[in-house]
Amino acid sequence: MSIKVGNILPGSTATLKYTILSRVEISAGHYSYKLPDAFYPDYKKHGLAKKDFPYEFAYTVRYKSVHRITNLCIPDGAEVVEKSEDASNILVRGSEICR
């Protein structure tokens, strides 16, 4: 996936939202999903510092299962913001980039 956004004036804001539907892999006896690093902005590799090109990055992940989710590891800086009564539907939000 490639998204190019142009003609944004200085001080303006652009918001991109997209949905990824993916089956999770089984790793060490647990289901595992990793958000690809390519979705995190990385301007350092282009020689820019965050102060030169300020940006905000946030993500929301909804975990759904037909059974109760009993163990969920989330990145530092992320938090569970919604959980169904039977724990089969969990919403996680974060804004820190974990590389």
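This is a predicted model, so every value here is computed, not measured.

Let's talk about the overall build of the chain
In step 1: Helix and strand content of the chain: zero helices and five strands.
In step 2: Ordering the α and β elements of the chain from the N terminus gives β-β-β-β-β.
In step 3: Burial status across the chain gives 13% buried among its 99 residues.
In step 4: Nonlocal contacts in the chain, meaning residues at least 24 apart in sequence, comprise 36% of its contacts between residues at least 6 apart.
In step 5: Working note: accessible area of the chain is about 8800 Å², and carbon and sulfur atoms make up 49% of it.

Points about the sheet that holds strand β3 (residues 59-64)
In step 1: Read across the sheet, three strands follow the order β3-β5-β4 without closing on themselves; strand pairing throughout is antiparallel. At either margin of the open sheet sits one strand with a lone partner, and together these are β3 and β4 (79-83). Direction aside, the axes of adjacent strands within the sheet are offset by 25 degrees on average.

Focus: the nonpolar core
In step 1: One finds F57, Y59, V61, I69, A78, I90 and V92 forming the largest nonpolar core, which totals seven residues.
In step 2: Going through the elements one at a time, β3 and β5 (89-94) are the ones with two or more residues in this core.
In step 3: Every residue in contact with V92, bar those within four places of it in the chain, is listed here: Y59, T60, V61, Y63, L72, I74, A78, E79 and V80.

A word on the pairing of β4
Each regular strand carries side chains that alternate between the two faces of the sheet.
In step 1: As judged from the four bridges shared by β4 and β5, these two strands associate in the antiparallel manner. In the strand pairing of β5, V80 is matched with V92.
In step 2: Linking β4 back to β5 in an antiparallel pair, the connection comprises five residues, with A87 at a positive phi of about 60 degrees.

Cut-offs and rules
Residues numbered from 1 in each chain as written. Predicted model: local features only at pLDDT ≥ 70, side-chain atom pairs only at ≥ 80, totals over all residues. Heavy atoms only, no water. Helix = DSSP H or I, 4+ residues; strand = E, 2+ residues; numbered from the N terminus. Buried < 20%, exposed > 50% of the residue type's maximum accessible area, 1.4 Å probe, protein only. Contact = heavy atoms within 4.5 Å. Areas by Shrake-Rupley, 256 points an atom, 1.4 Å probe, with all protein chains shown as cover. Pairing = 2+ DSSP bridges. Axes fitted to C-alpha atoms, helices over the stretch in contact; angles between N-to-C directions. Core = buried A, V, L, I, M, F, W, Y, C linked by side-chain atoms within 4.5 Å.

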